[in-house]
Amino acid sequence: IRGGYVGLVLYNSSCANTLTANNIYANSSAGIDVNNSRTMITLNDIYANGYGLVLEGGSTSNAVIANNIFGNTNSGIALFTANSNILSSNRSYANLQQGIDVGGQFNTVTSNTTYGNSQAGIMIYGGANNTLVANDSYNNRYGIDVYATDSNVLVGNYCYGNTSNGLHQFASSNSMFVGGGIGY
């Protein structure tokens, strides 16, 4: 799926879909743009788009699992005020912004690998009560960037070889950081 403004769009009442094993590239705005609930997005190659994968506000209870997302001119995965979603076992690398951008609340980000992104491997911003567990983030500007958000839980994440900070926290409070390894 290539060469459009957005490769795949799922909006409004298009719920409970499955997107599996697609090759989505060279779309100017986004590879996949979702504003719905209960969609499974798995085993896709998403690259050379504006954003790789976007979950818009109103997107809830979606599962983004085991996708390969790279070389996008913005973030690989972006949640824009999207709540209660699961991002697991994705690889997001060599994107010109973040590997994974989490805006919203009650999202779970687990076992993802982010590297070689121009900004943060994983960035949490705006929302609250997100959980990050066992993510591996290296060779980015920041491994994990916690920005203007509160009450998040980060457990067993590994950040190393980043050019600025392994963990960067700004204008945020009441977050808990447990275990893992935070280098530079």
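This write-up is about the structure you can find in this document. Small disclaimer: the values here were computed from a predicted structure and weren't measured. (Residues numbered from 1 in each chain as written. Predicted model: local features only at pLDDT ≥ 70, side-chain atom pairs only at ≥ 80, totals over all residues. Heavy atoms only, no water.)

**What about the overall build of the protein?**
Counting its secondary structure elements, the protein contains 0 helices and 24 strands. A globule of 184 residues ought to have a C-alpha radius of gyration of about 16 Å, and the protein, at 15 Å, matches this closely. Along the first, second and third principal axes, the C-alpha atoms of the protein reach 40 × 30 × 25 Å. When each of the 184 residues of the protein is scored for burial, the buried share is 48%. (Helix = DSSP H or I, 4+ residues; strand = E, 2+ residues; numbered from the N terminus. Rg over C-alpha atoms; globule rule 2.2 N^0.38 Å. Buried < 20%, exposed > 50% of the residue type's maximum accessible area, 1.4 Å probe, protein only.)

**Focus on the side chain of Thr-39**
Within the fold, Thr-39 resides in the loop between β4 (30-35) and β5 (40-42). Reaching out from Thr-39, the side chain makes a polar contact with the side chain of Asn-36 at a distance of 3.2 Å. (Polar contact = N/O pair within 3.5 Å; in protein donor to acceptor, adjacent residues only side chain to side chain.)

**With respect to the side chain of Asn-135**
Tracing the backbone through its elements, the reader meets Asn-135 in the loop between β17 (131-133) and β18 (136-138). Classification of Asn-135 as buried rests on a relative accessible area of 1%. For Asn-135, the residues in contact, after removing those within four places along its chain, are Val-109, Thr-110, Ser-111, Asn-112, Ile-122, Gly-156, Asn-157 and Tyr-158. (Contact = heavy atoms within 4.5 Å.)

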